[in-house]
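# A closer look at the structure
The residues making up each chain are set out below.
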Amino acid sequence: MPKGAKVMEAAEKLGRKLAKRAICARIDGELVGLAQSLDKGGEFELLDFEAEPARAIYRHTAAHIMAQAVTRLYPAVKLAIGPAIEDGFYYDFDVPKPFSPEDLGQIEKEMAKIIQANYPIESAIMDRDHAIAHFQREKETYKAELVEDLPPDAKVTFFRQGEFMDLCAGPHLVSTGRVKAFKLLSLAGAYWRGDERRPMLQRIYGTAFDKKSDLDAYLQRLEEQKRRDHRRLGRELDLFSTHEEGGAGLVYWHPKGAMVRQLVEEFWRNVHNQNGYGLVYSPHIAKVDLWKTSGHWQWYKDDMYSPIKIDEAEYLLKPMNCPFHILIYQTQTRSYRDLPLRYAELGTVYRYERSGALHGLLRVRGFTQDDAHIFCRPEQLEDELVRVLELADFMAKSFDYESYDVILSVRDVEDTEHYIGDDEVWEQAEGALVNALKRKELDYELGIGEAQFYGPKIDIILRDALGRGWQGPTIQVDFNLPERFGLGFVGPDGSVQRPVMIHRTVLGSMERFVGGLIEHYGGAFPPWLAPVQVVVLPIADRHHEYAEKVGDELRQAGLRAEVDVRNEKIGFKIRWHEMQKVPFMLIVGDREAETEAVSLRARGEGDQGSVPLGKAMEDISAAAKMPRFS
RNA sequence: GCUGGCGUAGCUCAAUGGCAGAGCAGCUGAUUUGUAAUCAGCAGGUUGCGGGUUCGAUUCCCAUCGCCAGCUCCA
């Protein structure tokens, strides 16, 4: 290709069809727009909508089109930022009057005009000072601030489409007409630069696809997410409720939801007993002094509830279980031979969550953590972390979470205010976590400044059936609490040494975990977790006796079975229990009663035909087995 | 906590300043049913709670509680 030729021309050379679908190119790893000139050679690759970076460019252009439309309709608007995000884009605006949902339709219409006009999108470069002056003149104070943060010698790029020009690093589509399918989805407030002390802007979320059918499929996926919403299923399947009278963020588990939770807990207990944990119970409140020793009073106060006065002493509701497990540790002189000591507890804690953060079962003010604290010698730390990672993996797989993402949260070394303990101790802790992850060959993202006040942590984000992420296991290394409580163990040489603590949960909390499970399974729990595993459906009144007998036998065999003797037709009952997501239905009429048989129906799969009762019970029992750790 | 939206029967939703309604669920009765909704009748409400404007408020205003979408924060 000649120097100065456009990327697009190079693309055409590769093929008409290819060029038509291309959004941008990657030259030596750098993304460039199709309208840009080729000023250097290198490895050349065309990207279409299938490629994530190209998709982001496409949606980013859609965000610009939205900003252009908003600027036309609301001339007083000030623009902030408008990036592409997972599945779409947003743009933040400062407008005198907030948008209403009805405004979105208007904006969409204006966007359609801009797309129709097919304005070419051209880039321009200005030096930093000119750019600042330009934005100050235009009263675009947010844009001016963005440019001011750039280094003094920076060249600032702009993109122009029609009358609209926006500060932007690019690249972009070649013209506005390239956006084929878009939709504005929602409105929200958002702080400028995510800082709650700064102005609240109006954010519009939208999404864009290069095919109408893909947009429709995406919108259908949103519908599917709504159908699986645990708050909706929680009501429809009679699993749990919350009550205005009782207070926000506090959960009431109904018998069926409680059964699911109980099964999760039973499984959890089995696994922990098998894995060398001692299961403990601890109180819900403790004196303020204990929380002063642990540091919670100083470092975690904003998340804790006000003290309760009992006999002149002040007590606090626990936000964490760790100090209690430490007290248990301290009841004996521990030998190096005793370690590691692992205490596990389904411990109910209470934390103050800001009212706007509350959300169904996923964000609540009282919840039960599947907590454990491992006290070990420093040289045991890495092995223990590996064991926890293995346990976490087993737990995830047992609930059909096929994959997960790992985040290593470390302290921000600049921020000395939010963390206790010396640098050396932090480095040691962070190093142990990194080594454990390496040994399990787990890739991870780094979360700087995301650590707990007492130590760094690994967070595991479970990917559900729809590919969404759920906060699951977390593993924290802590050298600080053992120090604060003066914990010790007697070493082989008779000297007293300091143990290390691991705080960990492998599910998260019962509330959040079960909430996630409801959505993951869409309410259709696998047989071992289903609150009702089998329902017996008699055809007519004369079959009730046999149906009850079948129900009794099922229950005798340890299955959770119900008999539906309502005066309804069989079709009604089948529909009802299908919607209640019961895994198995046994239909009994004259034919079955005569031959000690049942007509088996499996959830979602329909009629499986007539089966002898004994065989049906065996099959159902086999399908309903709780997973075991091996 | 902040911004915006919302709160009407158990659930889903109508009624825009003038007698609060429907479907499903519930109850009663009829029907005795063979693989995703049998029919009929009955009952169900201080319109979240408190104040105000008005002859009159589900509707307009203020406050409060709760919910929703985000922001911030997090198991």
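Predicted model only: the values in this text are computed from it and were never measured.

What follows deals with the overall build of chain A. Secondary structure assignment for chain A yields 20 helices and 32 strands. Based on the C-alpha atoms only, the size of chain A along its principal axes is roughly 80 × 75 × 50 Å. Looking at chain A as a whole, 50% of its 630 residues are labelled buried. The contacts of chain A with a sequence gap of at least 6 include a subset with a gap of at least 24, amounting to 69%. Of the roughly 30600 Å² of accessible surface on chain A, 48% is carried by carbon and sulfur atoms. Distance between charge centroids for chain A: 4 Å, based on 82 positive and 100 negative side chains.

Next up on the list: the domain arrangement of chain A. Per the domain assignment, the segments of chain A are domain 1 (1-48), domain 2 (49-222), domain 3 (236-520) and domain 4 (534-623). Tallying the contact residues gives five residues for domain 3 and four residues for domain 4. Across the interface of domain 3 and domain 4, roughly 360 Å² is buried in total on both sides, 53% from carbon and sulfur atoms. Taken as a group, Leu237, Lys256 and Leu263 account for 74% of the area that domain 3 buries against domain 4, more than any other trio of residues on that side. In this structure, the connection of domain 3 to domain 4 is made through zero salt bridges. Taken together, the links from domain 3 to domain 4 amount to one residue pair in polar contact (both at pLDDT 80 or more). Top element by residues in the side of domain 3 that touches domain 4 is helix α9 (residues 255-274). It accounts for three residues. Its residues assigned to classes, the side of domain 3 that touches domain 4 comprises three nonpolar, no polar and two charged.

All right, on to the side chain of histidine 272 then. Here histidine 272 shows up in helix α9. Residue classification places histidine 272 among the buried residues on the basis of a relative accessible area of 0%. Here the side chain of histidine 272 touches tryptophan 268 through a polar contact of 2.8 Å, landing on its backbone oxygen. Histidine 272 has contacts with Tyr277, Leu279, Ala344, Leu391, Met395, Arg504 and Val506, leaving out every residue within four places of it along the chain.

In this section: the protein's contact with RNA strand B. Taken together, 59 residues surround RNA strand B, and among them Ser355, Arg363, Asn567, Glu592 and Ser599 come closest. Close to the protein, within 4 Å, the atoms of RNA strand B belong to sugar or phosphate groups at a rate of 50%. Between a base nitrogen of RNA strand B and a side-chain N or O atom of glutamate 353, the distance comes to 3.2 Å. With respect to RNA strand B, the side chain of glutamine 471 contributes an N or O atom lying 2.9 Å from a sugar or linking oxygen. The leading source of residues in the surface near RNA strand B is helix α18 (residues 570-579), at six residues. Here the surface near RNA strand B is composed, by residue class, of 19 nonpolar, 18 polar and 22 charged.

For the rest of this paragraph, the subject is the sheet that holds strand β16 (residues 308-310). In spatial order, the strands read β15-β17-β16; together these three strands make up an open sheet with antiparallel pairing. Pairing within the sheet leaves two strands with one partner each, and these edge strands are β15 (285-287) and β16. Strand-to-strand twist across the sheet, computed as the mean angle between neighbouring axes with direction ignored, equals 40°.

Further remarks concern the packing of α9 against helix α16 (residues 510-520). Close contact between α9 and α16 brings their axes to 11 Å; oriented N to C, the two are set at 110°. By the criterion of interaxial angle, the relationship of α9 to α16 is roughly perpendicular. Crossing geometry of α9 relative to α16 is assigned as right-handed. In this structure, α9 uses Val260, Arg261, Val264 and Glu265 to contact α16, whose residues at the interface are Met510, Glu511, Phe513, Val514 and Leu517. Class assignment of the residues belonging to the contact of α9 with α16 gives a composition of six nonpolar, no polar and three charged.

With 13 residues, helix α17 (residues 544-556) should reach 18 Å at 1.5 Å per residue; the first-to-last C-alpha distance of 18 Å fits that figure. Of the residues making up α17, those classed as buried are Tyr546, Ala547, Val550, Gly551 and Leu554. Seen end-on, α17 carries its buried residues on one side only, within an arc spanning 140°. In α17, the exposed positions angled more than 90 degrees off the buried face are occupied by Glu545 and Gln556. Structurally, α17 contributes buried residues whose contacts are with β28 (534-538), β29 (561-563), β30 (584-588), α19 (590-595), β31 (597-602) and α20 (613-623). Following α17 by one or two positions, glycine 558 adopts a phi angle in the positive range, close to 90°.

What counts, and at which threshold
The numbers attached to residues start from 1 for each chain and follow its sequence in the written order. Labels follow written order: the first chain is A, the first ligand is 1, and so on. Only residues with pLDDT of 70 or above have their local features reported here, since the model is predicted, and side-chain atom pairs are shown and tallied only from 80 upward, although totals for entire chains, interfaces and linings are computed over all residues. With hydrogens and water excluded, all non-hydrogen atoms of the structure serve as input to the side-chain values. Each helix is a run of H or I in the DSSP string that is no shorter than four residues. Each strand is a run of E no shorter than two, and both are numbered from the N terminus. Throughout, exposure labels follow a simple rule: accessible area from a 1.4 Å probe, protein chains only, divided by the maximum for the residue type, with under 20% read as buried, over 50% as exposed, and the rest as partly exposed. Contact definition: two residues touch when any of their heavy atoms are within 4.5 Å. With residues, only the protein chains shown are counted as cover, and all accessible areas are computed by Shrake-Rupley using a 1.4 Å probe. Neither His nor the chain termini are counted; the positive set is Lys and Arg, and the negative set is Asp and Glu. In this description, the location of a charge corresponds to atom NZ of lysine, CZ of arginine, CG of aspartate or CD of glutamate. Start and end positions for the domains come from either an automated domain assignment or a database one. Buried area, as used here, totals the accessible surface that two parts lose on assembly, with accessibility defined by a 1.4 Å probe and the loss added over both. Whenever Lys or Arg places a side-chain nitrogen within 4 Å of a carboxyl oxygen from Asp or Glu, that contact is recorded as a salt bridge. Counting of polar contacts relies on pairs of N or O atoms within 3.5 Å, with two restrictions inside protein: one atom must be capable of donating a hydrogen and the other of accepting it, and residues adjacent in sequence are counted only when both atoms are side-chain atoms. Gly counts as polar in this scheme, as do all residues outside two lists: the nonpolar Ala, Val, Leu, Ile, Met, Phe, Trp, Tyr, Cys and Pro, and the charged Asp, Glu, Lys and Arg. Throughout, near means a residue has at least one heavy atom within 4 Å of the molecule or strand. Strands are treated as partners if at least two bridges between them are detected by DSSP. Note on geometry: axes are C-alpha line fits, over the in-contact stretch for helices, and angles between N-to-C directions span 0 to 180 degrees. Put simply, angles under 35 degrees are roughly parallel, angles over 145 are roughly antiparallel, angles from 65 to 115 are roughly perpendicular, and the rest are oblique. Two helices crossing with the near one rotated counterclockwise from the far one by less than a right angle form a left-handed crossing, whereas a clockwise rotation gives a right-handed crossing. By this rule, a helix spans an expected 1.5 Å times one less than how many residues it contains. In this description, the arc belongs to the directions extending from the helix axis to the C-beta atoms.

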